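Okay, here's what each chain looks like letter by letter:
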Amino acid sequence: MTTKSGYGVGALLIVTILLPDNIFAQETGTIRGELDHAIARRIPAAVYIEAFDATVFTEPAENPVMDQVNLTYTPHVLPVLVGSTIDFPNSDSTRHHVYTSRSSVCQFELGIYDAGVVKHVKCDETGVVMLLCNVHAEMRGFLVVSPTPYFATTDASGDFVIEGVPPGTYSLTFEHERLESKSLEVTVSGGEETLVTFGKLSRKRR
Ligand SMILES: [Cu+2]
């Protein structure tokens, strides 16, 4: 009797130790793809995995940064996880006055501020925020607030790579200021790379 119950306890311990370990050690995969359009090679898009369950993701260890350099929002497009704190430094020697368009999913106005100052913004809604500047009418920048931390920005070839994606089937989509959004289903396997293309893309109607 004593031996039997002893084994029982041992087996239980192994189960409780291995189960969570297996979940966290799950091997992730990569999504690699392109936006095949001349406009996508001139202006970047933010590509991201849409919400797939009730998972609440934790904020990244380092705040995403939307800088202001040479009278330009840098980067032009910044994908961020919903609820993240975004840093808004001013790296110019001139003052800027950051505010958002009326169509933006989160609206804010950071007021006029000097070089060297860093302001912070949090957006709890997913979607696009268009950044404008009250001092420099030509300044345009975009935040794409993503429901998941699995996102990337396209490069000068229209290509993108999303790494560290847990295995599963997801809806992948993108936001681009001039191109109509499109979604596609993508299946990711651990340790593998999944190649995708959004196919034929069309311009947004103005
Ligand atoms: Cu400005």
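Everything discussed here concerns the structure shown above.
Thresholds applied
- All residue numbers here refer to positions counted from 1 along the written sequence of the relevant chain.
- Totals for whole chains, interfaces and linings use all residues, but because this is a predicted model, local features are given only for residues with pLDDT of at least 70 and pairs of side-chain atoms are given and counted only at 80 or more.
- Strands here are runs of E lasting at least two residues and helices are runs of H or I lasting at least four, both read from the DSSP assignment and numbered beginning at the N terminus.
- Contacts here follow a simple rule: the backbone-placed C-beta atoms of the two residues must lie within 7 Å.
- Any two strands with at least two DSSP-identified bridges between them are counted as paired.
- Axis lines are fitted to C-alpha atoms, over the contacting stretch for helices. Their N-to-C directions set the angle, which ranges from 0 to 180 degrees.
- Residues of type Ala, Val, Leu, Ile, Met, Phe, Trp, Tyr and Cys that are buried and joined through C-beta atoms within 7 Å form what is called a nonpolar core.
- A residue is called partly exposed when the number of other C-beta atoms within 10 Å of its own lies between 12 and 20, exposed at 12 or fewer, and buried at 20 or more, with C-beta atoms placed from the backbone.

Another aspect to go through is the overall build of the protein. Regarding its fold elements, the protein presents 2 helices and 16 strands. Considering only intrachain contacts with a sequence separation of at least 6, the fraction spanning at least 24 residues in the protein is 64%.

Strand pairing within a sheet occurs via backbone hydrogen bonds; the two strands may be parallel or antiparallel. Read across the sheet, 3 strands follow the order β13-β1-β16 without closing on themselves; strand pairing throughout is mixed. Of all strands in the sheet, those bounded by a partner on one side alone are β13 (159–165) and β16 (193–197). Averaged over all neighbouring strand pairs, the angle between strand axes comes to 20 degrees, with direction disregarded. In the sheet, strand β1 (residues 29–34) pairs with β16 via 5 bridges, with the strands oriented parallel. Bridge pairing links T30 to E193 in β16.

Counting residues in each nonpolar core, the largest one holds 39 residues, and the members touching the most others are A46, V47, L143 and I162. Within the residue set of this core, elements represented by two or more residues are β2 (46–49), β5 (77–81), β6 (85–89), β10 (127–133), β11 (141–146), β12 (151–153), β13 and β14 (168–175). The residues touching V47, leaving out its near neighbours within four places in the chain, are F151, A152, T154, F160, I162, L172 and F174.

With that settled, the discussion passes to the environment of T187. Among the secondary structure elements, T187 is positioned in strand β15 (residues 183–188). Sequence separation of T187 and T169 is 18 residues, and the distance between their C-alpha atoms is 4.2 Å.

With that settled, the discussion passes to the environment of L78. Among the secondary structure elements, L78 is positioned in strand β5. Each C-alpha atom, one on L78 and one on A152, is 8.9 Å from the other, the two residues being 74 residues apart in sequence. If we ignore the near neighbours within four places in the chain, the residues touching L78 are P64, M66 and L143.

We now examine the pairing of β10. In this sheet, β10 lies alongside strand β7 (residues 96–100) in antiparallel orientation, the contact comprising 3 bridges. Following the sheet pairing, T100 is matched in β10 by L131. Judged from the 5 bridges that link them, β10 and β11 form a sheet pairing that is antiparallel. Of the residues in β11, the one forming a bridge with V129 is L143.

Structurally, the position occupied by T74 is in strand β4 (residues 72–74). In contact with T74, other than residues within four places in its own chain, are D67, Q68 and V69.

Quick look at the sheet that holds β2 now. One open sheet accounts for 4 strands, arranged β12-β2-β14-β15; its pairing is antiparallel. The sheet is open, and its two borders are formed by β12 and β15, each paired with just one other strand. Strand after strand, the sheet turns through a mean of 25 degrees between neighbouring axes, direction not considered. Pairing of β2 with β12 involves 3 bridges; the strand directions are antiparallel. Bridge pairing in β12 links V47 to A152.

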